[in-house]
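Working through the structure, step by step
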Amino acid sequence: MPERHELVISKIVLDVLKPHTPTIIDFAKALSGVKGVNRVDVSILEVDTNTETVKLVVEGYGISFDQVRDAVQHMGAAVHSVDQVVVERPQQR
Amino acid sequence: MYLIISRLRSLRQSIETVLQYSGKGGMVRRYFITNGFDGAMSMLGIILGVGLFGGTGSLTVVTAGLGAALAMFISGFMGTYLTETAESRRRIKELNETMLVDLSSTVVGSAGRAGALIAALLQGLGALIFGIAVLSPYLLSIYVRVLEQWAIPITIGMGVMVLFILGASLGRLTRQGVVETGVKTAAVGGVTAAIMLLIDMML
């Protein structure tokens, strides 16, 4: 049975509320700069007058949730819920 | 040289991003031209008003023109800064209430503050640059004395040209006829000059 701290996050799916600007393109680019992130997928789920709800999928290896959340908040968005998390054992690299 | 161009491109990109995030991109372009139009027209009026008055030297016209240009810059800057800062605060407050988070320390909040400042600077510069462009024949005539006797017709020509460029830019921006819009704004300058000349002849 592996120790819990040995596991690393490889995928996080978040429900995020953001203003219309920055656009999802700038939003995705900003998140791709987070350490450990290799792929960012942003899909718009709902559009309101001032805001939009997006599904944010962040994939990579050894992703820090705190850093992802900080990057989301820095772009003026708010994490509503964490809908999915994938963790895996550290790979021998 | 390459480094300077690269820095300028980067600066332009940053300004465009800030204006996009603050929602002031379209407004800045429109009002830069509007303020430029105001600056050019006001300067044309001041130069013709002062210059047509007999015995007025180039230095007097230039001093009056520079004073007016500075006043237009400050007026454009302060007017826009105060209104756009208030508008940005309202926008951020509205977003804060919608999202139930404080956006003041995010890129959206920073862009709102910086966007108001950039918009104000561009509005002030619009009036200053185009005003000085119309004044340039008189500025030059201080150093090239022979130009002094031709300063008024050259100024009218310069004013009409600047107004044409502004109109054409507006036409390009609004995707209307570039030449048509340019001719319209140039005609406004031409008519103003004609009225001023008529008043001068009557007095």
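Reading the values: the criteria
- Along each chain, residues carry numbers from 1 onward, in the same order as the chain's sequence is written.
- Both sets of labels track the order of writing: A upward for chains, 1 upward for ligands.
- Reporting in this predicted model follows two pLDDT cut-offs: at least 70 for local features of residues, and 80 or more for side-chain atom pairs to be given and counted; totals over whole chains, interfaces and linings ignore these cut-offs and use all residues.
- Side-chain figures throughout are based on the complete set of non-hydrogen atoms in the structure, without hydrogens or water.
- We call two residues in contact when some of their heavy atoms are within 4.5 Å.
- Defined here as a combined quantity, buried area equals the accessible surface (1.4 Å probe) lost by two parts on assembly, summed across both.
- Residues adjacent in sequence count toward polar contacts only when both atoms are side-chain atoms; beyond that, a polar contact is any pair of N or O atoms within 3.5 Å, and within protein one must be able to donate a hydrogen and the other to accept it.
- Only DSSP runs of H or I with at least four residues qualify as helices, and only runs of E with at least two residues qualify as strands; both kinds are numbered from the N terminus onward.
- Gly is placed with the polar residues, together with every amino acid not listed as nonpolar (Ala, Val, Leu, Ile, Met, Phe, Trp, Tyr, Cys and Pro) or charged (Asp, Glu, Lys and Arg).
- Here is the rule: rings of Phe, Tyr and Trp (six-membered ring for Trp) pair when centre to centre is within 6.5 Å. Planes less than 30 degrees apart are stacked, more than 60 are edge-to-face, and the remainder are tilted.
- When a residue's accessible area, from a 1.4 Å probe over protein chains only, is under 20% of the maximum for its type it is buried; when over 50% it is exposed; and in between it is partly exposed.
- The criterion for a charge sitting over a ring is simple: Lys NZ or Arg CZ within 6 Å of the ring centre, and within 35 degrees of the ring normal.
- Put plainly, a pocket is an open set of points on a 1 Å grid over the protein atoms alone with protein on both sides within 12 Å along at least five of seven lines, a cavity is a set where a 1.4 Å probe fits but cannot get out, and a lining residue has an atom within 4 Å of a point.
- Grid points are joined across faces, edges and corners, and a volume is the space filled by probe spheres set on the points.
- Scored from 0 to 100, pLDDT reflects the predictor's confidence in each residue.
- Throughout this description, the term salt bridge denotes a Lys or Arg side-chain nitrogen within 4 Å of a carboxyl oxygen of Asp or Glu.
- Convention adopted: a line fitted to C-alpha atoms gives each axis, helices being fitted over their contacting stretch, and angles between N-to-C directions are expressed from 0 to 180 degrees.
- Angle categories are assigned with fixed cut-offs, so that under 35 degrees is roughly parallel, over 145 is roughly antiparallel, 65 to 115 is roughly perpendicular, and the rest are oblique.
- Crossing handedness follows the turn of the near helix against the far one: under a right angle anticlockwise gives a left-handed crossing, and clockwise gives a right-handed one.
- Here the rule is simple: two strands pair whenever DSSP picks up at least two bridges between them.

1. A look at the interface of chain B and chain A
Facing the 13 residues of chain B at the interface are 15 residues of chain A. By the criterion of area lost to chain A, the three top residues of chain B are Y21(B), M99(B) and V107(B), representing 43% of everything that side buries. Connecting chain B to chain A are five residue pairs in polar contact (both at pLDDT 80 or more). Mapped by element, the contributors of at least two residues to the side of chain B that touches chain A are α1 (2-22), α3 (58-99) and α4 (107-143) of chain B. Among the elements that make up the side of chain B that touches chain A, the one with the highest residue count is α3(B) (five residues). For the side of chain B that touches chain A, the residue count by class is seven nonpolar, four polar and two charged.

2. Focus: the packing of aromatic side chains
Per the stated rule, a full pass over the model turns up three aromatic pairs over all chains. Ring geometry for F32(B) and F130(B): centres 5.8 Å apart, planes at 65°, overall edge-to-face. Within this pair, whereas F32(B) is found in helix α2 (residues 25-51), its partner F130(B) is found in helix α4, the two being separated by 98 residues in sequence. Overall, F32(B) belongs to the partly exposed group, its relative accessible area being 23%. Centre to centre, the rings of F73(B) and F77(B) are 6.2 Å apart; their planes meet at 25°, and the pair counts as stacked. On the criterion of helical spacing, the pair formed by F73(B) and F77(B) is a turn pair, its members being four residues apart in helix α3. Accessibility classification places F73(B) together with F77(B) in one group, the buried group. Site record: aromatic cluster; members linked through ring pairs are F73(B), F77(B) and Y81(B). Over the face of the ring belonging to F27(A) we find K18(A), whose NZ or CZ atom lies 5.9 Å from the ring centre.

3. Let's talk about the side chain of S58(B)
Residue and element names in this part refer to chain B. Mapped onto the elements, S58 comes out in helix α3. A polar atom in the side chain of S58 sits 2.9 Å from the side chain of S141. Beyond its immediate sequence surroundings of up to four residues, S58 is in contact with Y138, S141, I142 and E148.

4. Topic: the layout of surface pockets
Residue and element names in this part refer to chain B. When its volume is computed, the largest pocket comes out at roughly 500 Å³. Lining the largest pocket are 15 residues, with R12, E16, L19, V28 and R29 sitting closest to its centre. Listing elements by their share of the lining of the largest pocket, those giving two or more residues are α1, α2 and α5 (151-173). Per element, the largest residue contribution to the lining of the largest pocket is six residues, and it comes from α1. Across the lining of the largest pocket, the residue classes break down as eight nonpolar, three polar and four charged.

5. What about unusual backbone geometry?
Residue P22(A) is bonded to the preceding T21(A) through a cis peptide linkage, with omega at 0°. The phi angle at L100(B) is positive, at roughly 60°, despite the residue not being glycine. As for its placement among the helices and strands, L100(B) is situated in the loop between α3 and α4. Look at L100(B) and you get exposed, because its relative accessible area is 75%.

6. Concerning the confidence of the model for chain B
Averaged over all residues, the pLDDT of chain B equals 89, while 99% of them reach at least 70. The ipTM value of the predicted complex is 0.75, and its pTM value is 0.78.

7. A word on the pattern of salt bridges
All names here are of chain B. The final tally for this structure, using the stated rule, is nine salt bridges over all chains. Residue E84 pairs with K24 through a salt bridge whose shortest N-O separation is 2.9 Å. Residue E84 is found in helix α3, and its partner K24 is found in the loop between α1 and α2; the two are separated by 60 residues along the sequence. You'll find E84 and K24 in the same group, each marked buried. Across the pair E94 and R90 runs a salt bridge whose closest N-O atoms are separated by 2.6 Å. Within this pair, E94 and its partner R90 are both found in helix α3, separated by four residues, close to a single helical turn. When salt bridges with common partners are traced through the structure, they connect E87, R90 and E94 into a single cluster.

8. Brief notes about the packing of α3(B) against α4(B)
All names here are of chain B. The geometry of α3 relative to α4 is characterised by a closest axis approach of 8 Å and an angle of 165° between their N-to-C directions. Judged on the interaxial angle alone, α4 and α3 are roughly antiparallel. Note that α3 runs across α4; the crossing there is right-handed.

9. As for the sheet that holds strand β4 (residues 78-88) of chain A
Residues and elements named next belong to chain A. One open sheet accounts for four strands, arranged β2-β3-β1-β4; its pairing is antiparallel. With partners counted over all chains shown, the strands left at the sheet margins are β2 (37-47) and β4, one partner each. Between one strand axis and the next, the sheet turns by 15° as a mean value, whatever way the strands run. Here helix α1 (residues 24-32) sits on the sheet and contacts β1 (8-19), β2 and β3 (51-60); the angle it forms with β2, its principal contact strand, is near 150°. The strands that helix α2 (residues 65-74) touches are β1, β3 and β4; relative to β1, the one it contacts most, it runs at about 20°.

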